[in-house]
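Structural overview for review
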Amino acid sequence: MSHWSFLKTDLNEKQDLFIDCRSQAQYQESTLKGAYYFPFVKKAFASDPDSSKKLLGPIEEILALAKKEEKSRILVFDEGMGMFASRLVFLLRAAGFQNAFLIGQRWPVDGTKEKGSKELDCGPASKIRKLEGVIDKAFLEKNLTRLQIFDTRTPEEYDGKLPRLTAPEPGSLCGRLPGAFLWDWRMLYDANGELVDKTFFNKKLRGFPFMPERTTVIYDYNGARSSLLAMMLKEVGYNDVNVYVGSWFEWRKSNLPKQAANIYGQTGAGASAPRVGGVDRKS
């Protein structure tokens, strides 16, 4: 156990609301007794008002469920402290519920199992409210040169060779946010798939020209891989840590500056990347 405070291994059916972030098929086959499944956690969201409401709706539903069922904690799991469970814990905490934790065990998690039957695909929230540590494209555009930025994708994505790690689509724009430093999300785990301990994490962190007191922004492709690093940075003393919810999914479609820009799947003279945004202005 790597002693991160956002990990919990003591499960209590009476006090805990369980949320399964694995695949729908895995959830239906077997899950923790009473666990819910919310498909929204696998989706990408942009920064516009409608997208913000679609993100907030399920979060509010989960918080309402915890209150209705008189649960004092929300425990979230996937195959093993991965990106989707981390994303949900981060969002719940951003919404003000600090008793949200990752289950610090790899599946199969200890506890009573049953077939999953509580799938909730919630509608949007009625209004927008601020989530602490979640920023939008407008904030980045305004403050880009004053931020320290982590890119938690793979080197292939960071270098503009792939638009995203899974199922890359030909014709998609590859690249990264200007000034971003790469921290491959996979490096947050050891060889056994456990989270690295704080000593190792801090040693790696000292290799970046970052300062704990400065505003830090983390992004990936859709805001999922960023959330784990955000929680780890907060725990080691970084004061102002933010996840860019739209991430590369949104930024690639904008006219904002990009580095290592490239069109995936194109070669030859016609494959030159656009100067700005996702459109070649010559066409």
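Bear in mind that the values here come from a model prediction, so they are computed numbers and not experimental data.

1. Quick word on the sheet that holds strand E11 (residues 215-219)
On the basis of which strands lie adjacent, the open sheet formed by five strands has the order E7-E12-E11-E8-E10 and parallel pairing. Only two strands of the sheet have a single partner each, and these edge strands are strand E7 (134-135) and strand E10 (181-182). Across four bridges, the pairing between strand E8 (residues 148-151) and E11 is parallel. Residue Phe150 lies in a different strand from E11, and its bridge partner there is Ile218.

2. Notes on the nonpolar core
Ranked by internal contacts, the top residues of the largest apolar core, which has 58 residues, are Phe40, Ile74, Leu88, Phe201 and Leu228. Looking at this core, the elements with two or more residues in it are strand E2 (16-20), helix H2 (49-68), strand E4 (73-77), helix H3 (83-94), strand E5 (100-103), helix H6 (198-205), helix H7 (226-235) and strand E12 (240-244). The biggest single contributor to this core is H3, with eight residues. Here Phe201 is in contact with Trp4, Trp183, Leu188, Val196, Leu229, Met232, Leu233 and Val236, once residues within four sequence places are set aside. The next biggest cluster of nonpolar side chains, apart from the first, holds 17 residues, and it includes Leu144, Val217, Tyr221 and Trp248.

3. Details of the domain arrangement of the protein
Under the domain assignment, the protein is made up of domain 1 (7-114) and domain 2 (134-264). Listed as interface residues are 21 residues of domain 1 and, on the opposing side, 24 residues of domain 2. Taken together, both faces of the contact between domain 1 and domain 2 bury some 1,700 Å²; the carbon and sulfur share is 68%. It is Ser47, Met83 and Phe90 that lose the most area in domain 1 upon contact with domain 2, and together they represent 36% of the buried surface on that side. If you look at where domain 1 meets domain 2, you find zero salt bridges. For the interface between domain 1 and domain 2, the tally reads five residue pairs in polar contact (both at pLDDT 80 or more). Per element, the largest residue contribution to the side of domain 1 that touches domain 2 is eight residues, and it comes from H3. A breakdown of the residues in the side of domain 1 that touches domain 2 according to their chemical character gives 13 nonpolar, four polar and four charged.

4. Details of empty space enclosed by the protein
Inspection of every chain in the model, using the stated rule, returns two cavities of 30 Å³ or more. Of the volumes computed, that of the largest cavity is approximately 70 Å³. Lining the largest cavity are Leu55, Arg87, Phe90, Leu91, Val134, Gly223, Ser227, Val243 and Val245. Considering every element that reaches the lining of the largest cavity, the biggest residue donor is H3, with three residues. A per-class count over the lining of the largest cavity returns six nonpolar, two polar and one charged. Taken together, domain 1 (7-114) and domain 2 (134-264) each give at least three residues to the lining of the largest cavity, which thus spans both.

Rules used in this analysis
- Residues numbered from 1 in each chain as written.
- Predicted model: local features only at pLDDT ≥ 70, side-chain atom pairs only at ≥ 80, totals over all residues.
- Heavy atoms only, no water.
- Pairing = 2+ DSSP bridges.
- Helix = DSSP H or I, 4+ residues; strand = E, 2+ residues; numbered from the N terminus.
- Core = buried A, V, L, I, M, F, W, Y, C linked by side-chain atoms within 4.5 Å.
- Buried < 20%, exposed > 50% of the residue type's maximum accessible area, 1.4 Å probe, protein only.
- Contact = heavy atoms within 4.5 Å.
- Domains from an automatic or database assignment.
- Buried area = accessible area lost by both parts, 1.4 Å probe.
- Salt bridge = Lys/Arg side-chain N within 4 Å of Asp/Glu carboxyl O.
- Polar contact = N/O pair within 3.5 Å; in protein donor to acceptor, adjacent residues only side chain to side chain.
- Nonpolar A, V, L, I, M, F, W, Y, C, P; charged D, E, K, R; others polar.
- 1 Å grid on protein atoms, 1.4 Å probe; cavity = no way out; pocket = protein on both sides within 12 Å on 5 of 7 lines; lining within 4 Å.
- Points joined across faces, edges and corners; volume = space filled by probe spheres on them.

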